[in-house]
Structure formats: structure tokens, C-alpha cells
Amino acid sequence: MNIFGKAKQLTTRESFFTDRVQSRKYAEDQLAEMKSYILGHECVRDLERLESGDYFLDYPQYRLVPKGFESRKRPVYSFPGTQGFLLKLIVYAMRDLQRIYSDRLFSFRTDKNAVDLLLEVHHNREIQHLYVLKTDISNYVGSIVPELLIPMLYEVFMPEDPAFYRFLEWLLTRNRVIDHKGQVLEHCPGGMGGVPLGNFFMNLYLHELDEYFAPRAAFYSRFADDLLICARSEEEIREYKRRFFEFLDQLRLSVNPAKTEILMPGEAFDLLGMELSEGRIRISDYSMKKIKRKLRIYADRALVLRNRGIMTPEEAAEYLIIHFNRYFFGADGEGNLMAWAKWAFPVITDTESLTEIDHYFQESVRYVLYGSMKKRKLSIPYEKLSALGYRTLVFYYYHPDRIQEIRRELPEITSLRD
């Protein structure tokens, strides 16, 4: 059955909506709007329009968002309202296409994920004796070239599903977006990062590279553009590096030279925000900087509320603690399935990096309570922080069953105090 036909089936749409509810990523009003659209006749009519070649979608909305803790930004694209729901449903109907992926691809699929990859690497004792090619593709999804991706899509969908192939071809070659001012701009969105189909494009674009290295390398894995290529000799890894760059040239991709190197056996390396070294998995230095930057932003916001008299010092500290909880554990009572702790806790092997975050955050709470960086050095008992609702990451690492008890409801901010 073709993709549009599968998406139109009521069983597919019901299963998709149930999956969205269980993801716990949507507010109640969003779920109500989604249910009304996805399970109604309008959704079926829109799928039929696309299938017939009536491409009614707006230009994607385009915005730049900060990339980690760096000053540079990355483009993100989205479609508004029910159009966004429709594209998510279409991607859900594409799940059977996982069969075309290499077994060594771990990104954006339902049968394996980042946790599986990290645990596999951790338990593979041979890797510490291998040479490792460490690299980083620059702006991967934004650098995908539609004219090179379209022939790959043709191979996947033709001749069985010409309607869906033509839709994807149209979507990738419009070369117009809407900016934050509502203006239409001439702009090639590459692989359309942020749009649900962008994940499929990222998986497919390097498929030939997967097929080459998976049977040859001593160990190979890929999560989007995060690759691990290993060899048993220095000569072999240098040959893999040469071949890797040939693939990138063919696909018009580039790497960050500062992040591309060959590591000797036993050297630590980063993978998916974690550092793997001597049988240990901890938070990488780069990820640690990102986390601390995020916590510092939360602390500065809480301090503004305190200094403006909108909150007492204790209320501002509680506000900060709730943001901490939501960032690491999700925004609802069950814990969002995509929350940081859900995937990080199962792979971290000791609490050293978690303790570092805990200490940093405790100082941030003291900073908000005292109102200055200097005064935060004053001793304040942990019992005070605990009374405000704070618990360490280390505590929940050892007591994951207690995560559902975490307070996550942010107070409403209305007006200044009298």
C-alpha cells in the first residue's frame, strides 16, 4: 500500500494519535485540536488532495535558533497548525520504510535508539583496542542537496508509489520560506531540519556510506551525522578516512576540521553527548557546557523575578528548581518520554558528571536566594534547598522510581508585589 493510502486508514490515524498522547509532549488543547483534525474527514480530504497533486501546503516557516552554547545559529523549519499534524501523520505512516536502513543506523527509528547505541559501544570490549575516526559533519541537515537527495527518493518510492515521490520532489524544490516577519524569502531549506520528514531525509542521505562501512569497518555506527568508524590498524583507519571524505565530496558535505581526527586505541571519544573512556560513560565536556549554560539562563531569569519584586527569594528559588526538574525530567507528572534523564540515566556508568551538575545547580540556587554571585559563597545548608523542593540528579539516578514525584508545575507570573 502507498504512503498516502496507509495514512488515510482509520487504524493508522488512531494509532498515530494514541502514540502522540503517550509521548506526553503536547498540551491538552493541542491534543484536542490534533484529535479533531487527525480523526476527522478534513485530514482524509487533505491526504487525497496531496495524493492527487493538489499541493496546498504553505511555505515552511523559517527561523534561526542558537546552536548549543555557541554564538552561531542553525535554521529550523516548521509548518503551522494542522499542516504540521498532517506531516507528522505521514511520517508515522512511513515507519515500515525502516527496512531499507542499514542495521548500523540508530537514528529516528522505532526499533533502536541512542541508548541502544551507547550501551552497545560500552559493552563492546574490542573498541578500546581499535583506531577511531572522530569527525563532525557541519550543518548536516541544512547542507543536504535536494538535487542529490531526489534520485535517492526515486530509488525508494518508484515505481510503487509515484504520488508520494512527486510530493517529496515538490516539497524539496520549492526554495521559498516564510521568515519571522511573515515575508516570503528565496531560500533552499536543504533537508528541512525541524520538519518531520527531515529525519527521514537525514537517514537516507548517507545510506550509501552506511552500506559501504557497515560490512568493512571493525565497528561502525551512525546516528544522523554522528558517526563512529573503527579499524584494527592505523593504515586501515587512514584509508577509511580517505574514503569517508570521498563520500562527503560526492554529497557536497563538509566537516569541522577542528573536530576531525584519528584516535589511537584506548583514547577517550565523544558520542551523542557522552564521553566513553576506559569502560566508563560520562557526560562529555561539550554537553556539560551546554547544560550549565541552560541552567545559568534559568538562574538569571529567576533572579530577575526576585529583583523586580515579582517573587520572594524563596519563590524565585522554587521557580528555578522547577525549571531544573522540567529540563532534566520532562514537564508532566510521568516524566516526558524524551526527557534528558530518560535516555541519559540508563547509559551513564557512574555519578561523577551528575555530581558536577548537582554542585553547579546548588550554587545557582544559592545565587538566586542571596541575589549576588559574591554572597552565594555563604554557607547555606542543603536542608534549606531540600525544603524548597530540590533533589539531586544523583538521588534520582539511584531512585528512578521517585521521578514521578517531582514537582513540575510552574507558578503563574502576573504582576509586581505590593
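The structure this text deals with has already been given above.
The present account deals with the structure reproduced in this document. This structure is a prediction, so every number in the text was calculated from the model and none was measured.

## Here's the deal with the sheet that holds strand S7 (residues 226–231)
Next up, step 1: With antiparallel pairing, 4 strands are arranged side by side in an open sheet as S6-S7-S3-S8. In the strand order of this sheet, the two ends are held by strand S6 (219–223) and strand S8 (261–263), each with one partner. Sheet twist, expressed as the mean angle between neighbouring strand axes with direction ignored, is 20 degrees.
Next up, step 2: Pairing between strand S3 (residues 131–134) and S7: 3 bridges, direction antiparallel. Bridge assignment links Val-132 to a residue of S7, and that residue is Cys-230.
Next up, step 3: Seen against the sheet, helix H6 (residues 114–123) touches S6 and S7 and runs at an angle of roughly 160 degrees to S6.

## Focus on the packing of helix H8 (residues 146–157) against helix H10 (residues 196–205)
Next up, step 1: Between H8 and H10, the shortest axis-to-axis distance is 10 Å and the interhelical angle comes to 90 degrees. Accordingly, the angle class assigned to the pair H8 and H10 is roughly perpendicular. Across the interface between the two elements, Leu-148, Leu-149, Met-152, Leu-153, Val-156 and Phe-157 from H8 touch Phe-200, Phe-201, Leu-204 and Tyr-205 from H10.

## As for H8
Next up, step 1: Taking 1.5 Å as the rise per residue, H8 with 12 residues should run 16 Å; its terminal C-alpha atoms sit 16 Å apart, in good agreement.
Next up, step 2: Buried within H8 are the following residues: Pro-146, Leu-149, Ile-150, Leu-153 and Phe-157. The buried residues of H8 occupy an angular sector of 105 degrees when projected down its axis, which confines them to one face. Turned more than 90 degrees away from the buried face of H8 sit Glu-147 and Glu-155, all of them exposed.
Next up, step 3: Buried residues along H8 sit in contact with helix H1 (3–8), helix H9 (162–172) and H10.

## What about the nonpolar core?
Next up, step 1: The biggest cluster of nonpolar side chains holds 74 residues, and the ones touching the most others in it are Ile-90, Leu-153, Phe-157, Phe-167 and Phe-244.
Next up, step 2: Residues in contact with Phe-244, not counting those within four places in the same chain, are Leu-133, Thr-135, Ile-137, Leu-209, Phe-213, Leu-227, Ile-229 and Val-255.
Next up, step 3: Formed by 63 residues, the second largest nonpolar core is a distinct cluster that contains Leu-118, Leu-272, Leu-276 and Ile-406.

The rules we used
Residues numbered from 1 in each chain as written. Predicted model: local features only at pLDDT ≥ 70, side-chain atom pairs only at ≥ 80, totals over all residues. Heavy atoms only, no water. Pairing = 2+ DSSP bridges. Helix = DSSP H or I, 4+ residues; strand = E, 2+ residues; numbered from the N terminus. Axes fitted to C-alpha atoms, helices over the stretch in contact; angles between N-to-C directions. Contact = heavy atoms within 4.5 Å. Parallel < 35°, antiparallel > 145°, perpendicular 65-115°, else oblique. Expected span 1.5 Å × (residues − 1). Buried < 20%, exposed > 50% of the residue type's maximum accessible area, 1.4 Å probe, protein only. Arc of directions from axis to C-beta. Core = buried A, V, L, I, M, F, W, Y, C linked by side-chain atoms within 4.5 Å.

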